[in-house]
Structures are given as C-alpha cells and as structure tokens.
Amino acid sequence: GGIRTTYSSLVTEMVSHGLAVACLEHRDGTAGLTRDGMGRSVTYQQPTPNNEFNFRNAQLMLRTKEMAAVLEYLRKGTCRRVISGDGETLINAALPVYAVGHSMGAATAIYFAETEENIASVCALDPW
C-alpha cells in the first residue's frame, strides 16, 4: 500500500553507496495511487474472479518489458558514466544489476531475473 515516494529513503541510501538506481513507476493499474503523463489519476484495477491469472499475467508481461527497456537504456546509454565520491568520473560497462521490488513489484523482479541474463541478485519484499 505505497506510492512512488514510499521507498525514497531506501533508494537514497543505495545511491549514497555508489549504486545507480532506476525506480520504475508502473502505471498499469497495480499501484494504489499514481498519475499518468497528463496528471490524471490512474485507479487501482481489480481483476474479475474468473480472470485473475490472465489479468495479472498481462500486467506482469508489461512490467517485465518496461524493466527490460530501462535495463537496455542503462547498458547502452550515457548512464555508464558514474561519478565516484571524490568526483572522479568512472566508466564501468559491467555494473552488476539487481532487481528489487515489493508485492507485485517483487513478483516482477523474480520473473524479470528468470527471463533476463546477468541479473546479479533479486530482493523480493513481500512477493505475491
């Protein structure tokens, strides 16, 4: 039951230790509260009782594609430039990748690690 800023302090701590962090806000109806690109509220979507697997599976596939797109950007984009604590610019094309998530995000992280190569580890917080 959180929103996009729920884990801000945890992410800030991770970044303070030199990790590059990408936080995805999935706007697929699985979040308790989010807004689309136009600022409109996106409400939580409930599956029908006889369609829960297909409903959630479609959301899982969309989330996995979103994570793959971000990872591709990180691997090929300018995000390979890392500034160390002393201000020195480092280039590291082989940074380890960790998939972390809570609830549906945890299930997404687990599935993503199963389908994506070179995921160093998964941290699943209260997975489905």
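Scroll up to find the structure this text is about.
Residues numbered from 1 in each chain as written. Predicted model: local features only at pLDDT ≥ 70, side-chain atom pairs only at ≥ 80, totals over all residues. Heavy atoms only, no water.

## Points about the overall build of the chain
The secondary structure content of the chain amounts to three helices and six strands. Secondary structure elements of the chain, listed N to C terminal, follow the sequence α-β-β-α-β-β-β-α-β. Looking at the 128 residues of the chain, the share that counts as buried comes to 23%. Contacts in the chain between residues at least 24 apart in sequence constitute 40% of all its contacts with a sequence separation of at least 6. Counting only carbon and sulfur atoms, one obtains 55% of the accessible surface of the chain, whose full area is about 8900 Å². (Helix = DSSP H or I, 4+ residues; strand = E, 2+ residues; numbered from the N terminus. Buried < 20%, exposed > 50% of the residue type's maximum accessible area, 1.4 Å probe, protein only. Contact = heavy atoms within 4.5 Å. Areas by Shrake-Rupley, 256 points an atom, 1.4 Å probe, with all protein chains shown as cover.)

## Considerations on a nonpolar patch on the surface
Together, Tyr7, Leu10, Val15, Leu19, Val21, Tyr98, Val100 and Leu125 make up an exposed nonpolar region whose accessible area comes to about 640 Å². Contributions of two or more residues to the nonpolar patch are made by helix H1 (8–16) and strand E5 (97–102). Relative to the elements of secondary structure, Tyr98 occurs in strand E5. (Patch = residues over 30% accessible without salt bridge, like charges linked within 9 Å, V, L, I, M, F, W, Y side chains within 5 Å. Salt bridge = Lys/Arg side-chain N within 4 Å of Asp/Glu carboxyl O.)

## Let's talk about the nonpolar core
Counting seven residues, the largest nonpolar core is built from Met67, Leu71, Val97, Ala99, Ala109, Phe112 and Ile119. Taken together, the elements giving at least two residues each to this core come down to helix H2 (52–76), E5 and helix H3 (104–115). Setting aside its immediate chain neighbours within four residues, Phe112 contacts Thr64, Met67, Ala68, Leu71, Ala99 and Ile119. (Core = buried A, V, L, I, M, F, W, Y, C linked by side-chain atoms within 4.5 Å.)

## A closer look at the side chain of Arg63
Relative to the assigned elements, Arg63 resides in helix H2. Residue class for Arg63 comes out buried when judged on its relative accessible area of 6%.

## Thoughts on unusual backbone geometry
Within the chain, Ser103 stands out as a residue other than glycine whose phi angle is a positive 60°. Relative to the helices and strands, Ser103 is located in the loop between E5 and H3. Backbone geometry places Asp126, a non-glycine residue, at a positive phi of 50°. Tracing the backbone shows Asp126 in the segment after strand E6 (119–125).

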